[in-house]
Amino acid sequence: MSKNNDELFKNVISHAKEYGFVFQSSEIYDGLSAVYDYGQNGSELKNNIKTYWWKSMVQMHENIVGIDAAIFMHPTTWKASGHVDGFNDPMIDNKDSKKRYRADQLLEDKITRYEKDGKAEKALALQLAMDEALKSENLASLKDLIIEHEIACPVSGTRNWTDVRQFNLMFSTQIGAVAEESDQIYLRPETAQGIFVNYLNVQKTGRMKIPFGIAQIGKAFRNEVIARQFIMRMREFEQMEMQFFVRPGSEMQWYEYWKDTRLKWHKALGTADVKYRYHDHVKLAHYANAAVDIEFEFPFGFKEVEGIHSRTDFDLSQHQKFSGKKIQYFDPEINQNYVPYVIETSIGLDRMFLLTLINAYEEQDLSEGDKKDSRVVLKLHPCLAPVKAAILPLTKKDGLPEKAREIMDRLKLDFNLTYEEKDSIGKRYRRQDAIGTPFCITVDHQTLEDNTVTIRHRDSMEQERVPADQLEQIIGSRVSWKNLL
Ligand code: ATP
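The structure presented is a predicted model; accordingly, all values stated were derived computationally and were not measured. (Residues numbered from 1 in each chain as written. Predicted model: local features only at pLDDT ≥ 70, side-chain atom pairs only at ≥ 80, totals over all residues. Heavy atoms only, no water.)

**Side note on the sheet that holds strand β4 (residues 88–93)**
Reasoning step 1: With antiparallel pairing, three strands are arranged side by side in an open sheet as β5-β4-β6. The strands lining the two open edges of the sheet, one partner per strand, are β5 (100–102) and β6 (165–168). Strand-to-strand, the axes of this sheet are offset by a mean angle of 50°, without reference to chain direction.
Reasoning step 2: With three bridges connecting them, β4 and β5 associate as antiparallel partners. Counted as the bridge partner of aspartate 93 is arginine 100 from β5.
Reasoning step 3: Most of the contacts of helix α5 (residues 103–116) go to β5, to which it runs at about 70°, and overall it touches β4 and β5. (Pairing = 2+ DSSP bridges. Helix = DSSP H or I, 4+ residues; strand = E, 2+ residues; numbered from the N terminus. Axes fitted to C-alpha atoms, helices over the stretch in contact; angles between N-to-C directions. Contact = heavy atoms within 4.5 Å.)

Here is the structure:
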């Protein structure tokens, strides 16, 4: 990370805390590593991202429905899915610092450093060698690459490494009140399996015809070897996943459709094209026949936000095998029974949240001549902004608060609002800029005479005088989901 990017990222993290977006979990006990809580503004922003995803996937597609499956699942689910045996990360320990790392991430960091230093050839050679080692699960070769490229532990600075070993990422716990009767179960490491085991239920009760999709938003848990980069890699996080069931043989056409559709969803928020790119997987997961990541350029480089995977009939076939229940679809158009193929779109809600925050964060110098001034503004899309408008009486007297409350009571049925009467109007504007509120509505003495208010726009800072009874329409047109869908 360059100094500027490093500083930007640090500033975003402290801004997120200072303005009630994200807190370290259990902070009063010095925190819990890689676990975070969302504050009053963070949970609003997160809910708005979820709504945007849900509307565009479920509401806008007649053939996609949503479910909400439990986090705990029958333990055989994870045997069938391959997670018990294969959900591993290659890890390596530094013998001096006793710190543990993911071997592939140490190598990826080195590749990024080569790229930054203009050593494109070296970067490419290392990338290819790493991909090959991961694909063949050659752990010794991963270690050789770490030694060969002189990668040192960031903490101890030494190259005194252990061998690379596999580490299962699933958290387990016990179900059942009495120890002897209890059974080991897992906290789900992905939401997808909750969809697969409900495939028959949804297909039958919803009379769904292929192609169709099942969407879900929910928590997932992974005991990540190392936690880093704030909410980028957490041990408890949220996924927004959709499994799209298709006729075998048509999967590549649907894969391309979803690849394109999902990138458009990201770009509709107004993010610059250059900030996104596709990254095709070289090492395919055991269940996939094609896979691509949608990557965003974070201050620490391009990183995955969403994965689109062609999962074949692997999951449904495995559940058919392990459960002994027939999981098939009768396709009347071709008069055949088959196990459907699946295209998955899987986006991390927390990574999308981080992306949104970083993308919106702007430090602006507003100094004029000798008059120093600055502001931090979150240029969030109005649909995503936690608070849509702030209602601000100019003073605390002369009936202005009462008038402001009257406007607030009317508008709050439609919009999430905030009311503030403390401090100067300028200071109140700045506080709203910092959380990304698109509109500030000031109620002054003229309001009492002619029922007009000033509306101040967050990005341009321009103010205009408008009739108070037009506010629903003005705010409504900017925060309407129609702008995004
Ligand atoms: P990575 O390679 O970064 O570990 P992954 O390929 O294992 O990610 P998937 O299993 O494809 O990720 O999960 C889908 C999405 O879930 C990812 O694109 C990411 O946005 C999100 N995600 C995965 N692991 C985490 C995590 N530990 N913390 C936050 N989000 C995560």
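**Observations regarding the site of the ligand**
Reasoning step 1: Around the ligand, the structure places 16 residues, and the nearest of them are Glu224, Arg233, Met234, Glu304 and Val305.
Reasoning step 2: Here arginine 222 contributes a side-chain N or O atom positioned 2.9 Å from an oxygen atom of the ligand.
Reasoning step 3: Here a nitrogen atom of the ligand sits 3.4 Å away from a polar atom, N or O, in the main chain of methionine 232.
Reasoning step 4: Contributions of two or more residues to the shell around the ligand are made by β10 (236–246), β13 (301–312) and β16 (341–348).
Reasoning step 5: With five residues, the single largest contributor to the shell around the ligand is β13.
Reasoning step 6: Grouping the constituent residues of the shell around the ligand by class yields four nonpolar, five polar and seven charged. (Near = heavy atom within 4 Å. Polar contact = N/O pair within 3.5 Å; in protein donor to acceptor, adjacent residues only side chain to side chain. Nonpolar A, V, L, I, M, F, W, Y, C, P; charged D, E, K, R; others polar.)

**A short note on helix α14 (residues 425–435)**
Reasoning step 1: What α14 keeps buried is the set Arg428, Tyr429, Gln432, Asp433, Ala434 and Ile435.
Reasoning step 2: Once α14 finishes, glycine 436 follows within two positions and takes phi at roughly 85°, a positive value. (Buried < 20%, exposed > 50% of the residue type's maximum accessible area, 1.4 Å probe, protein only.)

**So, the environment of leucine 394**
Reasoning step 1: As for its placement among the helices and strands, leucine 394 is situated in the loop between β19 (389–393) and α13 (400–411).
Reasoning step 2: Sequence separation between leucine 394 and threonine 442 is 48 residues, and the spatial gap between their C-alpha atoms is 6.3 Å.
Reasoning step 3: Those residues in contact with leucine 394, other than ones at most four positions away along the chain, are Leu400, Ile425, Arg428, Thr442, Val443 and Asp444.

**Description of helix α16 (residues 471–479)**
Reasoning step 1: Among the residues making up α16, those that are buried are Leu471, Ile474, Ile475 and Val479. Along the long axis of α16, the arc covered by the buried residues comes to 110°, so they all point the same way.
Reasoning step 2: On its buried face, α16 is in contact with β19, α13, β21 (439–443), β22 (452–457) and β23 (463–467). (Arc of directions from axis to C-beta.)

**Things to note about the sheet that holds strand β20 (residues 417–419)**
Reasoning step 1: Across the sheet, five strands lie side by side as β20-β19-β21-β22-β23; this open sheet has mixed pairing. A strand with exactly one partner marks an edge of an open sheet, and here the two such strands are β20 and β23. Here the average twist between neighbouring strands, direction ignored, is 25°.
Reasoning step 2: Where β21 and β22 come together, four bridges link them in antiparallel fashion. Of the residues in β22, the one forming a bridge with phenylalanine 439 is histidine 457.
Reasoning step 3: Its contacts with the sheet place α14 against β19, β20, β21, β22 and β23, and it is angled at close to 170° to β19.

**So, the packing of α13 against α16**
Reasoning step 1: Interhelical geometry of α13 versus α16 gives an angle of 50° and a closest axis separation of 11 Å. In terms of their interaxial angle, α13 and α16 are classed as oblique. Judged by the sense of rotation from one axis to the other, the crossing of α13 with α16 is right-handed. Mapping the contact onto sequence places Ile407, Arg410 and Leu411 in α13 and Leu471, Glu472 and Ile475 in α16.
Reasoning step 2: Looking at the contact of α13 with α16 residue by residue, the class counts come to four nonpolar, no polar and two charged. (Parallel < 35°, antiparallel > 145°, perpendicular 65-115°, else oblique. Left-handed = near helix turned anticlockwise from the far one by under 90°.)

**Considerations on the packing of aromatic side chains**
Reasoning step 1: Scanning the entire structure with this criterion turns up 19 aromatic pairs.
Reasoning step 2: Measuring from ring centre to ring centre gives 4.4 Å for tyrosine 52 and tryptophan 265, while their planes differ by 10°; the resulting arrangement is stacked. Taken together, the positions of tyrosine 52 in helix α2 (residues 40–59) and tryptophan 265 in helix α10 (residues 251–267) put the pair 213 residues apart, joining distant regions of the chain.
Reasoning step 3: With relative accessibility at 1%, the residue tyrosine 52 sits in the buried group. (Phe/Tyr/Trp six-rings, centres within 6.5 Å; stacked < 30°, edge-to-face > 60°.)

**A word on the pairing of β16**
Reasoning step 1: Of all eight residues that make up β16, eight are buried, and the element is covered over most of its length.
Reasoning step 2: Here β16 shows no split at all, with Tyr341, Ile343, Thr345 and Ile347 on one side and Val342, Glu344, Ser346 and Gly348 on the other all buried.
Reasoning step 3: Here β10 pairs with β16 via eight bridges, running antiparallel. Counted as the bridge partner of phenylalanine 245 is valine 342 from β16.
Reasoning step 4: When β13 meets β16, the two strands line up antiparallel, connected through six bridges. What sits directly across from histidine 309, in β16, is glutamate 344.

**Describing the packing of α5 against helix α6 (residues 120–135)**
Reasoning step 1: At a minimum axis distance of 8 Å, the contact between α5 and α6 shows a crossing angle of 165°. By the angle class used here, α5 and α6 are roughly antiparallel. Considering how the two elements wind past one another, α5 and α6 form a crossing that is left-handed. Here α5 contributes Asp104, Leu107, Glu108, Lys110, Ile111, Tyr114 and Glu115 to the contact with α6, which in turn contributes Lys122, Ala123, Leu126, Gln127, Met130 and Leu134.
Reasoning step 2: Residues of the contact of α5 with α6, tallied by class, amount to seven nonpolar, one polar and five charged.

**As for the side chain of glutamate 420**
Reasoning step 1: Within the secondary structure layout, glutamate 420 lies in the loop between β20 and α14.
Reasoning step 2: By relative accessible area, which is 17% here, glutamate 420 ends up buried.
Reasoning step 3: Within polar-contact distance, the side chain of glutamate 420 engages the side chain of arginine 431 at 2.9 Å.
Reasoning step 4: When residues no more than four places from it in sequence are discounted, the contact partners of glutamate 420 are Ile391, Leu392, Pro393, Arg428, Arg431 and Gln432.

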